[in-house]
Protein chains: 2
Amino acid sequence: MTSYSPVPEKKHSRIQLRNRKRIIDAALEVFSQHGYRGATLDQIAEQAGLSKPNILYYFDGKEAIHVTLLNKLMETWLDPLAKMDPDGDPLDEILGYMHRKMQMSRKFPRESRLFANEILQGAPRMGPHLESGLKPLFEEKVALIQSWMDDGKLAASDPRHLIFSIWATTQHYADFEAQVSVLTKGDKAVFPGAEAYLDTLFRKVLEP
Amino acid sequence: MTSYSPVPEKKHSRIQLRNRKRIIDAALEVFSQHGYRGATLDQIAEQAGLSKPNILYYFDGKEAIHVTLLNKLMETWLDPLAKMDPDGDPLDEILGYMHRKMQMSRKFPRESRLFANEILQGAPRMGPHLESGLKPLFEEKVALIQSWMDDGKLAASDPRHLIFSIWATTQHYADFEAQVSVLTKGDKAVFPGAEAYLDTLFRKVLEP
DNA sequence: CTGCTTTTTTACCATTTGGTAAAGTGACGA
DNA sequence: TCGTCACTTTACCAAATGGTAAAAAAGCAG
């Protein structure tokens, strides 16, 4: 069992904890804005309020920071889907999921863009995580939705493309914010409008 | 009037034309895969089969290549939307638009990722184009769709979010291909399935 | 206080990368 | 065949960037 920390085993002092958190926060800011290659250790250092060598005291390198960040956020990212309840009302569960994803776009746009960047580049540092983290969850929920459709509780369609369309439409507002904001300038209620629109949209596809 | 070309005015020899095209093609490949900062002139040079200084003989620099590329592709990118016909059948026109966008994702995924990269980073080299190229067209079509809705030819909803959702869902298959392919491994008919699903989806929102 | 460990800084380094100067090569008309 | 102009290559350079070594400073247990 190797550790990411420079200290061999889990010896996390208060300073250790505080600075590692600072670095991860700074890295989220910088990586999500510039992508992996576009981000520099100097930028992360400045954002974190630490010197570059000091950052390398806490992490083994640029890539280690990025991987740690991705790992840390993976659970948060999958959480809304994991919360989809097999025992709940099918329509409520899926619309609820869509709304939770929308909240993610609204509250965590940096996290959204971080993942978007990584996937766009072909997921070079996240391939394994897609297989081991996302895929099983995806398949579980696809099967769940399929069973709801088979039971006639939802209109039949391809559950995989349904999930893709939820991801696409909700993440769009975070990932393509630069474009959305140009095209909706002056509208203070873009997110509420989007939520209302998507609610109607998915309700119409899903209602039996 | 300044020109991008090293030759002051429009003196485009055969070699000039051929090599500029090679460079643009190579740049599309490299920029779409690695993003602006991630791409290097050496990569573009190798892909183009030319030396780096030779590339700089044809273009003023990395940024000039990127800007030229973006400009060249802008029209192609907006074309499907521009083709939406005010005199056509509303439902056919919008679904037709969606299908044309889907074709773009299928046939020009690199172009899609190029734009996605640029927007994700906040459109630093495309801001003006969004304002001058995309925005007027967007607003024209929003007004058109709104008038169709006002006339009762389509179910009422927010035309802006409708267009966003078409962009999001169709481009998803190109931009997040790395993720889609992991989750649909073995399925040879992802695109046809997506098209059928999206056809149903938008038909249900749009039908009055 | 004291000695030891953890943390931070200073001073570097090697590589990569965008870019340039200038010499060389080739095509083509007079 | 020669001169000119368009194109290409060779040999560089300065800045940026990821990373390191080692000294200095700060914590902290006794």
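Residues numbered from 1 in each chain as written. Chains lettered and ligands numbered in written order. Predicted model: local features only at pLDDT ≥ 70, side-chain atom pairs only at ≥ 80, totals over all residues. Heavy atoms only, no water.

S.K.: What's the story with the environment of alanine 116 of chain A in this structure? I'm lost.
M.R.: By the secondary structure assignment, alanine 116 of chain A is in helix H6 (residues 109-120). Taking relative accessible area as the criterion, alanine 116 of chain A reaches 4% and is therefore assigned buried. Spatially, the C-alpha atoms of alanine 116 of chain A and glycine 35 of chain A are 9.3 Å apart, while their sequence positions differ by 81 residues. Once residues within four sequence positions are removed from consideration, alanine 116 of chain A is found in contact with Asp175 of chain A together with Leu120 and Phe176 of chain B. (Helix = DSSP H or I, 4+ residues; strand = E, 2+ residues; numbered from the N terminus. Buried < 20%, exposed > 50% of the residue type's maximum accessible area, 1.4 Å probe, protein only. Contact = heavy atoms within 4.5 Å.)

S.K.: Can you walk me through the protein's contact with DNA strand C in this structure?
M.R.: Neighbouring DNA strand C are 19 residues; Ser13, Tyr57 and Tyr58 of chain A together with Leu41 and Lys62 of chain B lie closest to it. Sugar plus phosphate: this is where 60% of the atoms of DNA strand C within 4 Å of the protein reside. Here a base nitrogen of DNA strand C sits 2.9 Å away from a polar atom, N or O, in the side chain of lysine 52 of chain B. Looking at side-chain class alone, the surface near DNA strand C contains eight nonpolar, seven polar and four charged residues. (Near = heavy atom within 4 Å. Polar contact = N/O pair within 3.5 Å; in protein donor to acceptor, adjacent residues only side chain to side chain. Nonpolar A, V, L, I, M, F, W, Y, C, P; charged D, E, K, R; others polar.)

S.K.: Please clarify how the environment of tyrosine 57 of chain B should be interpreted in this entry.
M.R.: Residue and element names in this part refer to chain B. With respect to the helices and strands, the residue tyrosine 57 is situated in helix H3 (residues 52-58). Given the relative accessible area of 48%, tyrosine 57 is considered partly exposed. Each C-alpha atom, one on tyrosine 57 and one on phenylalanine 31, is 19 Å from the other, the two residues being 26 residues apart in sequence.

S.K.: Mind showing me how you'd approach the confidence of the model for chain A here?
M.R.: One rule of thumb: low pLDDT means the predicted coordinates there are not for detailed reading. Residue and element names in this part refer to chain A. Per-residue pLDDT for chain A has a mean of 93; in total, 95% of the residues score no lower than 70. Scored below 50 in pLDDT, residues 1-10 makes 15 contacts in the model with residues more than four places away or belonging to other chains. Reported for the predicted complex are a pTM of 0.92 and an ipTM of 0.91. (pLDDT = per-residue confidence, 0-100.)

S.K.: Honestly, the nonpolar core in this entry has me stumped. Any pointers?
M.R.: Inside soluble globular proteins, nonpolar side chains tend to come together where they are buried. Membership of the largest hydrophobic core comes to 140 residues, with the highest contact counts inside it found for Phe202 of chain A together with Phe202 of chain B. Apart from the residues lying within four places of it in its own chain, the contact partners of phenylalanine 202 of chain A are Leu95, Met98, Leu162, Ser165, Ile166 and Thr169 of chain A together with Tyr197 and Leu201 of chain B. (Core = buried A, V, L, I, M, F, W, Y, C linked by side-chain atoms within 4.5 Å.)

S.K.: What is the right way to read the interface of chain A and chain B from this model?
M.R.: When the parts of a complex come together, some accessible area is lost, and that lost area is often taken as the interface size. On the chain B side, the residues contacting the 50 residues of chain A number 50 residues. Together, the buried faces of chain A and chain B total about 4,700 Å²; carbon and sulfur atoms form 65% of this surface. Broken down residue by residue, the surface that chain A buries against chain B is led by Leu120, Leu183 and Tyr197 of chain A, which jointly contribute 16%. Of the charged contacts, one joins aspartate 187 of chain A and arginine 160 of chain B as a salt bridge, the two residues approaching to 2.9 Å between their closest N and O atoms. Here chain A is connected to chain B by 16 residue pairs in polar contact (both at pLDDT 80 or more). Breaking the side of chain A that touches chain B down by element, the ones donating at least two residues are helix H1 (14-38), H6, helix H7 (127-150), helix H8 (159-175), helix H9 (177-183) and helix H10 (190-206) of chain A. Taken together, the residues of the side of chain A that touches chain B sort by class into 24 nonpolar, 16 polar and 10 charged. (Buried area = accessible area lost by both parts, 1.4 Å probe. Salt bridge = Lys/Arg side-chain N within 4 Å of Asp/Glu carboxyl O.)

S.K.: Explain the UniProt feature "domain: HTH tetR-type" (unreviewed entry) in chain A to me, please; I cannot follow it from the model alone.
M.R.: Following the UniProt record, one finds the feature "domain: HTH tetR-type" (unreviewed entry) at residues 17-77 of chain A. Regarding residues 17-77 of chain A, the helix share stands at 87% and the strand share at 0%, and the terminal C-alpha atoms are separated by 22 Å. (UniProt positions renumbered as here; feature names shortened; annotations may be inferred.)

S.K.: Mind showing me how you'd approach the relation of the copies chain A and chain B here?
M.R.: Each of the two chain copies can be brought onto the other by rotation about an axis and movement along it. By a simple turn and slide, chain A fits onto chain B: the slide is 0.0 Å along the axis, the RMSD is 0.0 Å, and the turn is 180 degrees. Such a combination of rotation and displacement between the chain copies is what one expects of a two-fold axis. Relative to the rotation axis, the C-alpha of alanine 168 of chain A is the closest in chain A, positioned 2.6 Å from it. Residue by residue, 100% of the interface of chain A is reproduced at the interface of chain B, so both copies engage with the same surface. (Least-squares fit on C-alpha atoms with pLDDT ≥ 70 in both.)

S.K.: How should the UniProt feature "DNA-binding region" (unreviewed entry) in chain A be read in this particular structure?
M.R.: UniProt marks residues 40-59 of chain A with the feature "DNA-binding region" (unreviewed entry), using the numbering shown here. What you have in residues 40-59 of chain A is 75% helix and 0% strand, and the ends, taken at the C-alpha atoms, are 14 Å apart.

S.K.: Would you take a moment to explain the pattern of salt bridges for this structure?
M.R.: Opposite charge on two side chains permits pairing when their charged atoms draw close. All names here are of chain A. This structure, assessed with the given rule, holds 22 salt bridges over all chains. A salt bridge links lysine 83 to aspartate 79; the shortest N-O distance between them is 2.8 Å. In this structure lysine 83 comes out as partly exposed when scored by relative accessible area, which is 49%. Of the residues examined, aspartate 79 reaches a relative accessible area of 34% and is grouped as partly exposed.

S.K.: Mind showing me how you'd approach H10 of chain A here?
M.R.: In an α-helix, one turn spans 3.6 residues; hence positions three or four apart end up facing the same way. Taking 1.5 Å per residue, 17 residues should reach 24 Å; H10 of chain A reaches 24 Å between its end C-alpha atoms and fits that length. Among the residues of H10 of chain A, Val190, Phe191, Ala194, Glu195, Tyr197, Leu198, Asp199, Leu201, Phe202, Val205 and Leu206 of chain A are the ones counted as buried. Next to the buried residues of H10 of chain A lie helix H5 (90-107), H8 and H9 of chain A together with helix H8 (159-175) and helix H10 (190-206) of chain B. (Expected span 1.5 Å × (residues − 1).)

S.K.: Looking at this model, I keep getting lost on the packing of H5 of chain A against H8 of chain A. Mind explaining?
M.R.: Residues and elements named next belong to chain A. The geometry of H5 relative to H8 is characterised by a closest axis approach of 8 Å and an angle of 25 degrees between their N-to-C directions. Put simply, H5 runs roughly parallel to H8. As for how H5 packs across H8, the hand of that crossing is right-handed. Of H8, the residues touching H5 (which contributes Ile94, Tyr97, Met98, Lys101, Met102 and Ser105) are Leu162, Ile166, Trp167, Thr170, Gln171, Tyr173 and Ala174. Classifying every residue of the contact of H5 with H8 gives nine nonpolar, three polar and one charged. (Axes fitted to C-alpha atoms, helices over the stretch in contact; angles between N-to-C directions. Parallel < 35°, antiparallel > 145°, perpendicular 65-115°, else oblique. Left-handed = near helix turned anticlockwise from the far one by under 90°.)

S.K.: Would you take a moment to explain H8 of chain B for this structure?
M.R.: Residues and elements named next belong to chain B. In this model H8 runs 23 Å from its N-terminal to its C-terminal C-alpha over 17 residues, within 8% of the 24 Å that 1.5 Å per residue would give. Taking burial as the measure, the 17 residues of H8 include 17 buried ones, the bulk of the element. You can read the cap of H8 off the contacts: a side-chain oxygen lies 2.9 Å from the backbone nitrogen of arginine 160, and it is on aspartate 158.

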